[in-house]
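Chains, contacts and geometry: an overview
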Amino acid sequence: MAYNQVIMVAGLGNPGEKYTRTRHNIGFLVVDELARRYSLSLDRSRFDAKYSKGVIKGVKVVLVKPESFMNRSGFPVQKLSSYYKIELSDIVVVHDDLDLEFGKIKIVKNRGHGGHNGIRSIIDSFGSKDFIRIRTGVGRPRGPRGVTGHVLGRFSPEEKMELSIFVEKAADAVIAVMEQGVTAAMNIYNSTF
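A quick note: this is a predicted structure, and the numbers were derived from the prediction, not measured.

As a further point, take the layout of surface pockets. For the largest pocket, the calculated volume is near 520 Å³. Around the largest pocket sit 27 residues that line it, and His24, Asp96, Gly115, His116 and Asn117 are the ones nearest its centre. The set of elements that each furnish at least two residues to the lining of the largest pocket consists of strand S5 (91–97), helix H3 (117–126), strand S7 (132–137) and helix H4 (146–151). Of the residues that constitute the lining of the largest pocket, the class distribution is eight nonpolar, 12 polar and seven charged. Roughly 250 Å³ of volume is contained in the second largest pocket. As for the second largest pocket, its lining consists of 15 residues, and the residues nearest its centre are Val138, Gly139, Arg140, Arg142 and Glu159. The class makeup of the residues in the lining of the second largest pocket is five nonpolar, three polar and seven charged.

Next comes the structure, spelled out in structure tokens:
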């Protein structure tokens, strides 16, 4: 990532109290953690998103939480990136991932949506998949709830015990991408996958 550029960190989720602290909203939790850690307030609103501008570790950032529901995440991400002249390759998207066990993190770039509707919406809005993703594992559903019930469900008591550590680890992964670049960050986080 070049000197003096702006990085966007978009955490995916669904707006509203009903979805707070559900598996699908882990991207929101990671953006909230970054905002808390670096004293940034997500108090701006534009293009159907809450966001904050600031500096993290000497890098200019725009932290974003789309308010358009998961399957329409692309519109606010694309509009804000255009407004602030942020290159697609400088966008980091944090989202839940069924294909990783709870607590696992994997960093990828220029990959397909893998069935994730928020990622599909972003790819469709930009016409490209050339952005960085922090895949945060929520595991596959066990029992009769199915995928939708699982991702829109709240964390289990066991998951809640590990959640704050997991969110901090995902926030650290974002910082690693910003400070060291995506390849170095992949080497750190994907090697434990």
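Turning our attention to helix H1 (residues 26–37). For H1, built from 12 residues, the straight-helix expectation of 16 Å at 1.5 Å per residue is met to within 8% by its first-to-last C-alpha distance of 16 Å. Counted residue by residue, H1 has nine buried out of 12 residues, so it is predominantly covered. Those residues of H1 lying buried are Ile26, Gly27, Phe28, Leu29, Val30, Val31, Glu33, Leu34 and Ala35. Buried residues in H1 make contact with strand S1 (6–11), strand S4 (59–66), S5, S7 and helix H5 (157–180). One or two steps after H1, the chain reaches Ser39, where phi turns positive at roughly 50°.

Turning our attention to the pairing of S4. Burial of S4 is extensive: seven of the eight residues sit out of reach of the surface. The sheet contact formed by strand S3 (residues 49–56) and S4 spans eight bridges and is antiparallel. Across the sheet, Tyr51 pairs through a bridge with Val64, a residue of S4. Adjacent in sequence and paired antiparallel, S3 and S4 are bridged by two residues, among which Lys57 carries a positive phi angle near 50°.

This part is about the nonpolar core. Ranked by size, the top nonpolar core spans 35 residues in total, and within it Val9, Leu63, Ile107, Ile134 and Val174 carry the most contacts. Apart from the residues within four sequence positions on either side, Leu63 is in contact with Val9, Val31, Leu34, Ala35, Leu40, Leu42, Lys50, Tyr51, Ser52 and Ile56.

Calculation criteria
- Along each chain, the written sequence defines residue order, and numbers are assigned to residues from 1.
- Local features in this predicted model are restricted to residues of pLDDT 70 or higher, and side-chain atom pairs are both shown and tallied only at a pLDDT of 80 or more, whereas totals for entire chains, interfaces and linings draw on every residue.
- To obtain the side-chain values, all non-hydrogen atoms of the structure were included, while hydrogens and water were left out.
- Every definition here rests on a 1 Å grid over the protein atoms only: cavities are sets of points where a 1.4 Å probe fits but cannot get out, pockets are open sets enclosed by protein on both sides within 12 Å along at least five of seven lines, and lining residues have some atom within 4 Å of a point.
- Grid points are joined across faces, edges and corners, and a volume is the space filled by probe spheres set on the points.
- Note on conventions: DSSP H or I runs of at least 4 residues are helices, E runs of at least 2 residues are strands, and numbering of each starts at the N terminus.
- Amino acids outside the nonpolar list (Ala, Val, Leu, Ile, Met, Phe, Trp, Tyr, Cys, Pro) and the charged list (Asp, Glu, Lys, Arg) are all regarded as polar, and Gly is one of them.
- Given the number of residues in a helix, its expected span is that number minus one, multiplied by 1.5 Å.
- Burial classes follow relative accessibility: with a 1.4 Å probe on protein chains only, a residue under 20% of its type's maximum area counts as buried, one over 50% as exposed, and anything between as partly exposed.
- Any two residues whose heavy atoms approach within 4.5 Å at even a single point are treated as in contact.
- Only strands that DSSP links by at least two bridges are regarded as paired with each other.
- Take the buried residues of types Ala, Val, Leu, Ile, Met, Phe, Trp, Tyr and Cys, join any two whose side-chain atoms come within 4.5 Å, and each joined set is a nonpolar core.

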